[in-house]
Amino acid sequence: MRQLRGDSRGILEPAGLMRRVRFRRHLPAAPLRPWVEHYWLVDWALTEPFEQRVVAHPAVNVVFARVGDGPEHAEVAGPGLSLFSTTLADTGQVCGIQFRPGGFHPFWRRPMVELTGRRRSFADLADHWPPAAAPSPAICAGTDAARCRALDDLLTGWEPRPAPVTDEAMRLAEAIRTDRNVRRVDGFARDNGLSVRRLQRLFLSQIGVGPKWMIRRYRLHEAIERAAGNTPDWAALAVELGYSDQAHLIRDFTAVTGVSPGAYADQDRARPSSRRH
């Protein structure tokens, strides 16, 4: 039985976010679980703006958002290559669908690289899916159960089309995500009976990023998770995650997050408590 992820991988300074908003995850309807990681819901009522930064997963998110009394808007966010930042203010609600790596391809049915690093308005893609896939005008309204039912109905209306090639890409991506011994693309390809070229083409078409990028992103997620509020042994962690040395880990961490591992850990510990409003 699928279990919800309980980690905060990719969310920078997650404790600060959780103090300010109501954040929760829900599993989709059982037929959708092969492709969907989870639904994520966020509600907030803030007295001052709050910036949240995220090191994205190599996956697609479909996001519905409503701020204040404004209209609800929706977008499809492809696998993000750079640090994502958003500022929350006043009141609002978000209903998001995080797909598993490769899991959006049965709905999109086009090369996933077309979405990589891009955020597309849902309205711009209206002609891409069947009429039954038109979203409710108020996905963010109602109880959690009502929101999840609306998302289930939306995805079912998209009429996803399974394919063996997508299943293969998703299986390989899951192996990279869960096995920290996967450190080199050539060895991983060989172990799975593929050429490096075939593996790269498979990932770009079905997932939207290459296998080398995915390996680096997941080990960086692990480093961020370890650093939140702690001071790990950076040299030992670098070895564990397959970096050539501690300096390599520091460079990679700093290039993506904008701060060094040590500074990030210090910031998270020093951040003052802020009550949720």
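Use the structure listed above.
The rules behind the values
Residues numbered from 1 in each chain as written. Predicted model: local features only at pLDDT ≥ 70, side-chain atom pairs only at ≥ 80, totals over all residues. Heavy atoms only, no water. Pairing = 2+ DSSP bridges. Helix = DSSP H or I, 4+ residues; strand = E, 2+ residues; numbered from the N terminus. Axes fitted to C-alpha atoms, helices over the stretch in contact; angles between N-to-C directions. Buried < 20%, exposed > 50% of the residue type's maximum accessible area, 1.4 Å probe, protein only. Core = buried A, V, L, I, M, F, W, Y, C linked by side-chain atoms within 4.5 Å. Salt bridge = Lys/Arg side-chain N within 4 Å of Asp/Glu carboxyl O. Parallel < 35°, antiparallel > 145°, perpendicular 65-115°, else oblique. Contact = heavy atoms within 4.5 Å. Nonpolar A, V, L, I, M, F, W, Y, C, P; charged D, E, K, R; others polar. Phe/Tyr/Trp six-rings, centres within 6.5 Å; stacked < 30°, edge-to-face > 60°.

S.K.: Help me understand the sheet that holds strand 5 (residues 73–77), please; the structure alone is not making it clear to me.
M.R.: Consider a sheet: its strands pair through backbone hydrogen bonds, and that pairing is either parallel or antiparallel. A sheet is described by the order of its strands in space; here six strands give the open sequence 1-2-7-4-5-8, paired in antiparallel fashion. The open sheet is flanked by strand 1 (21–26) and strand 8 (119–121), the only strands paired with a single partner. Sheet twist, expressed as the mean angle between neighbouring strand axes with direction ignored, is 20°. Pairing between strand 2 (residues 36–45) and strand 7 (residues 91–99): nine bridges, direction antiparallel. Looking across to strand 7, one finds that Trp44 is bridged to Gly92.

S.K.: Quick question: what am I supposed to make of the environment of Ala56 here?
M.R.: Topologically, Ala56 is positioned in the loop between strand 3 (50–54) and strand 4 (61–67). A relative accessible area of 18% places Ala56 in the buried class. It is 8.5 Å that separates the C-alpha atoms of Ala56 and Arg217, two residues lying 161 residues apart in sequence.

S.K.: Even after reading the chapter, I still don't get the nonpolar core, so can you show me in this structure?
M.R.: A general trend in soluble globular proteins is that nonpolar side chains are found buried together. Membership of the largest hydrophobic core comes to 29 residues, with the highest contact counts inside it found for Val62, Phe64, Ile97, Phe99, Phe104, Leu155 and Trp158. Secondary-structure elements contributing two or more residues to this core are strand 2, strand 4, strand 5, strand 7, helix 2 (105–108) and helix 3 (144–157). The element that contributes the greatest number of residues to this core is helix 3, accounting for five residues. Judged by nonpolar contacts, the second largest core, of 17 residues, contains Ala169, Val185, Leu202 and Val209.

S.K.: Just checking my understanding: could you explain the pattern of salt bridges for this structure?
M.R.: When the charged atoms of two side chains lie near each other, side chains of opposite charge can form a pair. According to the stated counting rule, one finds 19 salt bridges in the structure shown. Between Glu37 and Arg177 there is a salt bridge; the shortest N-O distance is 3.2 Å. Taken as a pair, Glu37 in strand 2 and Arg177 in helix 4 (residues 164–178) lie far apart in primary sequence, 140 residues in all. Across the pair Glu174 and Arg177 runs a salt bridge, and its minimum N-O distance is 3.0 Å. Here Glu174 and its partner Arg177 are both found in helix 4, three residues apart, which amounts to about one turn of the helix. Residue class for Glu174 comes out partly exposed when judged on its relative accessible area of 26%. A relative accessible area of 16% places Arg177 in the buried class. By sharing partners, the salt bridges in this structure join Arg5, Asp7, Arg9, Arg180, Glu222, Arg226 and Glu240 into a single network.

S.K.: Please explain the packing of helix 7 (residues 211–227) against helix 9 (residues 246–257) as it appears in this structure.
M.R.: Viewed as axis vectors pointing N to C, helix 7 and helix 9 meet at an angle of 90°, and their least axial separation amounts to 11 Å. Taken together, the axes of helix 7 and helix 9 lie roughly perpendicular to each other. Within the contact between the two elements, helix 7 uses Arg216, Arg217, Arg219, Leu220, Ala223 and Ile224 and helix 9 uses His248, Leu249, Asp252, Phe253, Val256 and Thr257. By residue class, the composition of the contact of helix 7 with helix 9 is six nonpolar, two polar and four charged.

S.K.: So what exactly am I meant to see when it comes to the packing of aromatic side chains here?
M.R.: Aromatic rings considered in pairs are described by the distance between their centres and by the relative angle of their planes. Considering all chains together, one arrives at ten aromatic pairs under this definition. On the basis of an interplanar angle of 80° and a centroid distance of 5.9 Å, the ring pair of Phe104 and Trp158 is categorised as edge-to-face. Note that Phe104 is positioned in the loop between strand 7 and helix 2 and Trp158 in the loop between helix 3 and helix 4, a separation of 54 residues in sequence. By relative accessible area, which is 1% here, Phe104 ends up buried. On the numbers, 5.8 Å between centres and 65° between planes, the contact of Phe107 with Trp158 is edge-to-face. One end of the pair, Phe107, is in helix 2; the other, Trp158, is in the loop between helix 3 and helix 4, with 51 residues separating them in the sequence. Judged by its relative accessible area of 0%, Phe107 is buried. Take Trp158: its relative accessible area is 0%, and that puts it in the buried class.

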